[in-house]
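Fold and geometry: a report
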Amino acid sequence: MADRPKYQAVIDWVKNSIREGTLQYGDRLMSEKELSEKFGLSRQTIRHATGELEKQHVLTRVQGSGTYIGAAFQPVRRERYMNIAVLSTFYESYIFPPILRGIVSVLQKAGYTTQVAFTDNRMDVEKQNLKAILEKGDIDGFIVEPTQSALPNPNIPYYQEILSRHIPILLFNAFYPDLHVPCVRIDDRKIADHATELLIERGHRKIVGIFKSDDGQGPLRYQGYVDAMVRHDVPFDRRNVIWCDTVMQQDIHQLADYLIFRLADCTAVVCYNDEVAMSLIDILLSRGIRVPEDISVVGIDDSNLASVCRVPFTSFPHPKEELGIKVAENLLKMIDNPDFDGNYLYDAKPVMRDSVRDLRKAEQ
């Protein structure tokens, strides 16, 4: 029929597959992306089809796990290992140790052991760890800080295999767009908006943003920076946005000449994080550029770097240990109840220090 809705093809295929036995009670349905590619339909259309099948009690959607064949199907794992795997990017970062303390404190009280590994923000190392987890299969849940989350990740099938075994996955600090699992993180876009607005409210108009290109937080913080500029009708110039990746950030002093060139004529900088802010202040001071008299600097994370820097700088706090506690608590709830929504976003207010000049006072 000419007026037959496109999503009906998906509904018919699922029901026929059940009748033919190729899909059985408890089987995990293809992901939205896979169904979209199979039928040549948008994800919105696929979502409409699976939603109709849910209403008909043919499918059940399980938060953090997937969509399954059967009405009110609850995948129950028969064996508990009392073991949680944690995969992070860097151990030596100022963010992870307190996060880990929070995670471990909650899991220990609940009787779980914790196995921790690191990727060094490298996808090949992430792959090795994921394969090891699948080979051992001795975990009840998986806590992950995504690796280079702004880039396409070839390891997503490994995560999907873990989910197919009914092992809940909870991400922290960042998320993979192609992996539909909960995430606990700061609201990167909103906090960068706050940071930019703080400078605008103090009379700054020529504001540079330095953001990380290969982690998902970078584009989100860039969006927040743009949001504030547009909302306050501040001229936005793409030349005032500087992108760096993980390798560049680790040796940012080698880019001193380039940074000084790009910062010409600006009065303030929003930095991706405190590590970038501290390095930038060192570079500025070494070139005789005063902070905040010549350039104001704002960071994100409010780590110890913000207070011990040669010029203590304003920064927006990352909850760190509190976030780790929330991650562990939410994962335990997901283990007990697969329908539990483990997502959580943190906002933050600035910790003001000596790195921001109020240009309005200078004009009086």
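Here's a quick rundown of the structure. (Residues numbered from 1 in each chain as written. Predicted model: local features only at pLDDT ≥ 70, side-chain atom pairs only at ≥ 80, totals over all residues. Heavy atoms only, no water.)

**Focus: the overall build of the protein**
When its secondary structure is counted, the protein shows 14 helices and 13 strands. For the protein, the spread of C-alpha atoms along the principal axes amounts to about 75 × 55 × 30 Å. Pairs at least 24 residues apart make up 74% of the contacts formed inside the protein by residues separated by at least 6 positions. Total accessible area on the protein stands at roughly 17,100 Å², and carbon and sulfur atoms take up 49% of it. Side-chain charges in the protein split into 44 positive and 51 negative, and the spacing between the mean points of these groups amounts to 2 Å. (Helix = DSSP H or I, 4+ residues; strand = E, 2+ residues; numbered from the N terminus. Contact = heavy atoms within 4.5 Å. Areas by Shrake-Rupley, 256 points an atom, 1.4 Å probe, with all protein chains shown as cover. Lys, Arg positive; Asp, Glu negative; His and termini not counted. Charge placed at Lys NZ, Arg CZ, Asp CG, Glu CD.)

**So, helix 11 (residues 274–286)**
Taking 1.5 Å of rise per residue, 13 residues should cover 18 Å, and helix 11 covers 18 Å from first to last C-alpha, within 8% of that figure. Within helix 11, the full set of buried residues consists of D274, V276, A277, S279, L280, I281, I283 and L284. If you check the start of helix 11, you find a side-chain oxygen 3.2 Å away from the backbone N of E275, and it comes from N273. Where helix 11 ends, the next residue or the one after it, G288, has phi of about 75°, a positive value. (Expected span 1.5 Å × (residues − 1). Buried < 20%, exposed > 50% of the residue type's maximum accessible area, 1.4 Å probe, protein only. Polar contact = N/O pair within 3.5 Å; in protein donor to acceptor, adjacent residues only side chain to side chain.)

**Concerning the sheet that holds strand 3 (residues 83–88)**
Strand order in the open sheet made by the six strands is 4-3-5-6-7-13, with parallel pairing throughout. Two strands lie at the open edges of the sheet, namely strand 4 (113–118) and strand 13 (344–346), each paired on one side alone. Across the sheet, the mean angle separating the axes of adjacent strands is 15° when strand polarity is ignored. Where strand 3 meets strand 4, six bridges bridge the pair, whose relative direction is parallel. Counted as the bridge partner of I84 is T114 from strand 4. (Pairing = 2+ DSSP bridges. Axes fitted to C-alpha atoms, helices over the stretch in contact; angles between N-to-C directions.)

**Digging into the nonpolar core**
In terms of nonpolar packing, the biggest core is built from 45 residues, with I103, I143, L199, I207 and V327 touching the most fellow members. Here this core gets seven residues from one element, more than from any other, and that element is helix 13 (residues 321–336). In contact with I103, other than residues within four places in its own chain, are V86, I143, G324, I325, V327 and A328. (Core = buried A, V, L, I, M, F, W, Y, C linked by side-chain atoms within 4.5 Å.)

**Topic: the sheet that holds strand 10 (residues 268–271)**
Reading across from one edge, 9-8-10-11-12 is the order of the five strands in this open sheet, with parallel pairing throughout. A strand with exactly one partner marks an edge of an open sheet, and here the two such strands are strand 9 (241–244) and strand 12 (314–317). The mean angle between the axes of side-by-side strands here comes to 15°, regardless of whether they run parallel or antiparallel. Of the pairings in the sheet, the one linking strand 11 (residues 296–301) to strand 12 comprises four bridges and is parallel in character. Note on strand 12: the bridge partner recorded for D301 is P317. Sitting on the sheet, helix 8 (residues 217–231) touches strand 8 (207–212), strand 9 and strand 11, and the angle it makes with strand 8 is about 160°.

**A look at the packing of helix 1 (residues 8–20) against helix 3 (residues 43–55)**
At a minimum axis distance of 8 Å, the contact between helix 1 and helix 3 shows a crossing angle of 50°. One element, helix 1, and the other, helix 3, form an angle in the oblique class. For the crossing formed where helix 1 meets helix 3, the hand is right-handed. Residues V10, I11, V14 and K15 of helix 1 form the contact with helix 3, whose participating residues are I46, A49, E52 and L53. (Parallel < 35°, antiparallel > 145°, perpendicular 65-115°, else oblique. Left-handed = near helix turned anticlockwise from the far one by under 90°.)

**Topic: the packing of aromatic side chains**
Ring pairs (aromatic) are described by centroid distance and by the angle formed between their planes. Across all of its chains, the model carries 14 aromatic pairs by this definition. Considering the side-chain rings of Y344 and Y346, the 4.8 Å spacing of their centres and the 65° angle between planes classify their relative orientation as edge-to-face. Of the aromatic side chains, those joined through ring pairs into one cluster are F211, Y222, Y225, F236 and W243. Sitting over the ring of F39, K38 keeps its end group 5.8 Å from the ring centre. Above the face of the Y272 ring, R221 is positioned so that its terminal group lies 4.8 Å from the ring centre. (Phe/Tyr/Trp six-rings, centres within 6.5 Å; stacked < 30°, edge-to-face > 60°. Lys NZ or Arg CZ within 6 Å of the ring centre and 35° of its normal.)

**Thoughts on the environment of P177**
Note that P177 resides in the loop between strand 6 (169–172) and strand 7 (183–186). For the pair P177 and N153, spaced 24 residues apart in sequence, the C-alpha separation works out to 9.7 Å.

**With respect to helix 2 (residues 32–39)**
Burial in helix 2 covers these residues: E32, L35 and S36. Down the axis of helix 2, the buried side of the element spans an arc of 105°, and every buried residue falls inside it. Looking at the buried side of helix 2, the elements it contacts are helix 1, helix 3 and strand 1 (59–62). Just downstream of helix 2 lies G40, where phi reads positive at about 65°. (Arc of directions from axis to C-beta.)

**What to know about the pattern of salt bridges**
Enumeration over the complete set of coordinates arrives at 18 salt bridges. Two residues, D124 and R122, come together in a salt bridge whose shortest N-O distance is 2.6 Å. Looking at D124, the relative accessible area reads 37%, which means it is partly exposed. Linked by salt bridges that have partners in common, R185, D188 and R221 make up one network. (Salt bridge = Lys/Arg side-chain N within 4 Å of Asp/Glu carboxyl O.)

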